[in-house]
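Report on the structure
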Amino acid sequence: MQRPTSRREFLRAAGAAAGLGLAAAIAVRPAEATPAAMQDAIRKVVGTARVSPGRVKLDLPPLVENGNTVPLAVSVESAMTEADHVRAIHVFTEKNPQPDVVGFRFGPRAGRASVATRVRLADTQTVIAIAELSDGSFWSASVAVVVTLAACLEEA
Amino acid sequence: MRPVAAAVWAIVVAASVFADEIPPAERRSGYDFMSRETRAMQDDEIANPGMLWVLEGASLWQRKIGTAARACADCHGDARASMAAVAARYPAFDAERGRPINLEQRINACRVARQGAPALSWESRELLALTAHVARQSRGLPIGVTVDARTQPFLDAGRATFRRRQGQLNLACSQCHDDHWGRQLAGNVIPQAHPTGYPIYRLEWQSLGSLQRRLRGCLVGIRAEPYDYGAPELVDLELYLMWRARGMTFEAPAVRP
Amino acid sequence: MANALISVPARARRGEIIEIKTLVSHPMETGYRRTQLGARIPRDIIRLFVCTYNGTEIFRAELHPAIAANPFIVFPTVATESGTLTFQWTGDNGFSATESAAITVE
């Protein structure tokens, strides 16, 4: 699949082909999500609005010792006032069995739009954070993470 | 010490330091091989999931159980005082059994003999919680098991197990952990295998677990038949590993990948 | 299992942004793992985390199986008044846990 150059173009192109892609995903039920499934999950949150890269800072270690527990931190530049604040931050992955990771909801009482947690990553992949602002705009950041597996896996 | 005794002692000490052992100054805890993020997870007591077991252990410590209707606290009082430095000196010799026992065995021995309660099963939630609570009271202290005429034979047996080739891969623990520590094995760094932080919250397990669980996992990894939980071979190996880590800082409950 | 660990500053100045750390005990079974016999282990996760400050919701997180076991969430809030912060986790199989912490705001 030819990758467009920018995140915005990618989302537009994938959105255009969404109808076909969605039908295929339901019929086949792949063991892992695909970039198309992730795009679909993003669209459920974003609708037809445009997602612009920027204003979001997504922190993940570039190389992870164990995909079971990966520290993740997201923050968004925002004054966090009643008039102008971050309403939500959503996190998605492209290769986990499901694309949704977590959705955080904020208000002006947060003081700042920042949150940290620990996530699971099934494989080396890209993680995307999308912030929804009170003015209805969406901003994003993405990070590529390399996930190594434990050398000696014990029996469960 | 008289000169002759001192000379004999010096020879004994020299003979017990094999050429292959990691020089004391080069010993590193598994902590040093971890990423910055995993270290932060261990250091922050709110971020460290092992603390959830410590907290439960603290609550179990107060619970009156068994035919004696007695709590750990009834004899031992506040664990922060009574259990300080205890985990760092286990396995320890038990006169009744005539051999060293580990911390889990000590806790179960107390339950049976003093509380009239049944022993807890290996890796059970409760046993891990009590062990974690006791071990937490040694955090920051130097490891120091007692080696004397009584424990020496068991220490030697543990060392022999550490150096013995085992399993289908015909590997000895020492080959990875003495000779090749710091190098990569399938994307992970090989640590020196010092039990500085048990029981550990292992990311691979997504749970807290004991040193014996880790040792059995390693044995499975080299395709050897793992000794049963509580087997003398495992306790002797624990004793040897703790002696090998003598003087290093105890970190329980540690976080490890 | 001990339910949760919370870190909230005991005191803060009015208007100060404080950081709250929460750690709750839960396996977050994804629903994708299988037993050694091949049977699927059913999903069992915390789905929702809500924090209220003197009764007003100030933060919420919707969790999916990709959140690591023993969920750890760190988030900020403005210290507006003295009172109680309440934390509630709910999830599959009727899971529910509640913790609270007091804060003095001067």
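Residues numbered from 1 in each chain as written. Chains lettered and ligands numbered in written order. Predicted model: local features only at pLDDT ≥ 70, side-chain atom pairs only at ≥ 80, totals over all residues.

Some thoughts on the overall build of chain C
The helix and strand tally for chain C stands at zero helices and eight strands. Taken from the N to the C terminus, the helices and strands of chain C come in the order β-β-β-β-β-β-β-β. Overall, the C-alpha framework of chain C stretches about 60 × 20 × 20 Å when taken along its three principal axes. Buried positions account for 37% of the 106 residues belonging to chain C. Sequence separation of at least 24 residues holds for 57% of the intrachain contacts in chain C that already meet a minimum separation of 6. (Helix = DSSP H or I, 4+ residues; strand = E, 2+ residues; numbered from the N terminus. Buried ≥ 20, exposed ≤ 12 C-beta atoms within 10 Å, placed from the backbone. Contact = placed C-beta atoms within 7 Å.)

Side note on the interface of chain B and chain A
Of the residues lining the interface, 16 residues belong to chain B; the matching set on chain A comes to 13 residues. Elements supplying a minimum of two residues to the side of chain B that touches chain A: helix 2 (36–43) and helix 10 (211–221) of chain B. The leading source of residues in the side of chain B that touches chain A is helix 10 of chain B, at four residues. Along the lines of polarity and charge, the residues of the side of chain B that touches chain A split into seven nonpolar, seven polar and two charged. (Nonpolar A, V, L, I, M, F, W, Y, C, P; charged D, E, K, R; others polar.)

Considering the pairing of strand 6 (residues 100–105) of chain A
Looking at chain direction, strand 5 (residues 86–93) of chain A and strand 6 of chain A are connected through five bridges and run antiparallel. Within strand 6 of chain A, the residue paired with A:Ile89 across the bridge is A:Phe104. Where strand 5 of chain A hands over to strand 6 of chain A, the hairpin turn is made up of six residues, counted between the paired strands. Alignment of strand 6 of chain A against strand 5 (residues 56–63) of chain C, held across four bridges, turns out to be antiparallel. Bridging from a neighbouring strand, A:Val102 pairs with C:Leu63 of strand 5 of chain C. (Pairing = 2+ DSSP bridges.)

Some words on the interface of chain C and chain A
Across the boundary between the two partners, chain C contributes 21 residues, which contact 26 residues of chain A. Of all the elements in the fold, those that place two or more residues in the side of chain C that touches chain A are strand 5 and strand 6 (72–78) of chain C. With seven residues, strand 6 of chain C is the largest single contributor of residues to the side of chain C that touches chain A. Broken down by class, the residue content of the side of chain C that touches chain A amounts to 16 nonpolar, three polar and two charged.

Here's the deal with the environment of B:Trp61
Summarising the element assignment, B:Trp61 is placed in helix 3 (residues 50–61). Taking the C-alpha atoms as reference, B:Trp61 lies 6.3 Å from B:Ala71; in sequence the two are ten residues apart.

Some thoughts on the environment of B:Ser138
All names here are of chain B. Inspection of the secondary structure puts Ser 138 in the loop between helix 7 (125–136) and helix 8 (152–163). We classify Ser 138 as buried; it has 22 C-beta atoms within 10 Å. When the C-alpha positions of Ser 138 and Trp 122 are compared, they lie 21 Å apart, and in sequence the two are 16 residues distant. In contact with Ser 138, not counting residues within four places along its chain, are Ala 84, Ala 85, Val 86, Ala 87, Ala 88, Phe 250 and Ala 252.

Some words on the sheet that holds strand 6 of chain C
In a beta sheet, neighbouring strands pair by backbone hydrogen bonds and run either parallel or antiparallel. Taken together, six strands build an open sheet; the order of strands is 2(A)-4(A)-7(A)-6(C)-3(C)-1(C) and the sheet is antiparallel. The two strands at the open ends of the sheet, each matched to only one other strand, are strand 2 (56–59) of chain A together with strand 1 (4–7) of chain C. Within this sheet the neighbouring strands show an average axis-to-axis angle of 15°, counted without direction. In terms of strand pairing, strand 1 of chain C meets strand 3 (residues 17–24) of chain C through four bridges, oriented antiparallel. When the sheet's bridge partners are listed, C:Ala4 is paired in strand 3 of chain C with C:Val24. (Axes fitted to C-alpha atoms, helices over the stretch in contact; angles between N-to-C directions.)

Re helix 11 (residues 232–244) of chain B
Residues and elements named next belong to chain B. Its 13 residues place the ends of helix 11 18 Å apart at the C-alpha level, agreeing with the 18 Å of an ideal helix rising 1.5 Å per residue. Counting buried residues in helix 11 gives ten out of 13 residues, a clear majority hidden from the surface. For helix 11, the set of buried residues is Leu 234, Val 235, Asp 236, Leu 237, Glu 238, Leu 239, Tyr 240, Leu 241, Met 242 and Arg 244. Residues of helix 11 that are buried sit in contact with strand 2 (99–101), helix 8 and helix 10. (Expected span 1.5 Å × (residues − 1).)

Some remarks on the nonpolar core
Formed by 122 residues in total, the largest nonpolar core has its most connected members in A:Ile89, A:Ala129 and A:Ala131. Per-domain counts for this core show at least three residues from each of domain 1 (25–34 + 143–256) and domain 2 (50–136) of chain B. (Core = buried A, V, L, I, M, F, W, Y, C linked by C-beta atoms within 7 Å. Domains from an automatic or database assignment.)

Notes on the sheet that holds strand 6 (residues 207–209) of chain B
Read from one edge of the open sheet, three strands run 6-5-7 (chain B), paired in mixed fashion. A single partner strand is all that each edge strand has here, and the edge strands are strand 6 and strand 7 (255–256) of chain B.

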